[in-house]
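The chain contents come next:
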Amino acid sequence: MAVIHHTTLKPTKVELLAGWLPTRPWYRGGPDPVLEKSGGFRLDDPEGEVGIEFMVATDTTDPERTAYLVPLTYRGAPLDGAEHALVGTTEHGVLGTRWVYDGCHDPVLTDELLSLIAGRAQAMAQSVSDTPDHEVTRSHTGSGEIPAGFTPEPADDRDGTRLPVPDGTVLRIHRVLSPVADNPPPAPRGVLGHVAGGWPGADDGRLRAVFVTLRSA
């Protein structure tokens, strides 16, 4: 179970992301985004060592308030071989220095994301300890067991992040979120699995979208 510490972060997560997001090929805004943390959820690391968060970060400089899905991992020491995936470091008021990574490159996050799709893991509340997030929905219609325990090799493009899985399927991280009217958002046609969730809109309503899909290669 992840324990959520309500303490300081210097720099904050959104401050780190403001410098990192404009370097991504799927980013749609200008060079100096004004971001707000709009929502998201967490997953628990079974070993209790790595923080796993799927953050919805909204660029408020865009009149349409573009929302981005940013999977992040938080570690107490650098992840070997993942220097290219480092978003930055921050000082946590309780845990000390934390190395913050683009979670698509972190095997702990990809393992738990696949476990969520398969129904083996539970989405947890973003800011409350030991509390499931029941707004996050998932599906898996594949016939085989989803593998785990591999080194991810994701690739970013204009539409998001593509992450091949050893069984021949592909995870697609929907980086630019497209809200839908359905509650909950249905699985897109032809997918083998998906994850969907919601976040607050500008008018105090709820926005909902598909976050992740699993497809045949």
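Our subject is the structure listed above.
The structure displayed is predicted, hence computed values, not measured ones.

A. Geometry of the overall build of the chain. When helices and strands are tallied, the chain shows two helices and 13 strands. Computed over its C-alpha atoms, the radius of gyration of the chain comes to 16 Å, within 12% of the 17 Å expected for a compact globule of 217 residues. Overall, the C-alpha framework of the chain stretches about 45 × 40 × 35 Å when taken along its three principal axes. Counting over 217 residues, the chain shows a buried share of 47%. When the 19 basic and 30 acidic side-chain charges of the chain are each reduced to a single mean position, those positions are 4 Å apart.

B. Structural context of the pattern of salt bridges. Applying the stated rule across the entire model yields 11 salt bridges. Arg24 serves as the salt-bridge partner of Asp156, at 3.6 Å between the closest nitrogen and oxygen. Taken together, the residues span a long stretch of sequence, with Asp156 in strand β9 (residues 155–157) and Arg24 in the loop between α1 (13–20) and β2 (35–43) at a distance of 132 residues. Owing to a relative accessible area of 28%, Asp156 belongs among the partly exposed residues under this scheme. For Arg24, a relative accessible area of 21% gives the class partly exposed. For Arg120, the salt bridge goes to Glu145, with nearest N and O atoms at 2.8 Å. Here Arg120 is found in the loop between α2 (107–118) and β7 (124–125), whereas its partner Glu145 is found in the loop between β8 (137–140) and β9, with 25 residues between them in sequence. Each of Lys13, Lys37, Arg42 and Glu53 takes part in a single network of salt bridges with overlapping partners.

C. Representation of the packing of aromatic side chains in the model. Across all of its chains, the model carries six aromatic pairs by this definition. The interplanar angle of 65° and the centroid separation of 6.0 Å between the aromatic rings of Trp20 and Trp26 together place this pair among those described as edge-to-face. Trp26 carries the same exposure label as Trp20, and that label is buried.

D. Here's a closer look at the nonpolar core. Counting residues in each nonpolar core, the largest one holds 30 residues, and the members touching the most others are Phe41, Leu171 and Val212. Per-element accounting of this core gives the leading share, six residues, to α2. Those residues in contact with Val212 that lie beyond four places of it in its chain are Leu69, Leu113, Ile117, Leu171, Arg172, Ile173, His174, Gly193, His194 and Val195. Grouped together as the second largest cluster of nonpolar side chains are 16 residues, Met55, Tyr68, Leu72 and Tyr74 included.

E. Structural detail: the pairing of strand β5 (residues 86–92). Pairing analysis gives two bridges linking strand β1 (residues 9–10) to β5, with the strands arranged antiparallel. Residue pairing in the sheet places Lys10 in a bridge with Glu91 of β5.

Conventions and cut-offs
Residues numbered from 1 in each chain as written. Predicted model: local features only at pLDDT ≥ 70, side-chain atom pairs only at ≥ 80, totals over all residues. Heavy atoms only, no water. Helix = DSSP H or I, 4+ residues; strand = E, 2+ residues; numbered from the N terminus. Rg over C-alpha atoms; globule rule 2.2 N^0.38 Å. Buried < 20%, exposed > 50% of the residue type's maximum accessible area, 1.4 Å probe, protein only. Lys, Arg positive; Asp, Glu negative; His and termini not counted. Charge placed at Lys NZ, Arg CZ, Asp CG, Glu CD. Salt bridge = Lys/Arg side-chain N within 4 Å of Asp/Glu carboxyl O. Phe/Tyr/Trp six-rings, centres within 6.5 Å; stacked < 30°, edge-to-face > 60°. Core = buried A, V, L, I, M, F, W, Y, C linked by side-chain atoms within 4.5 Å. Contact = heavy atoms within 4.5 Å. Pairing = 2+ DSSP bridges.

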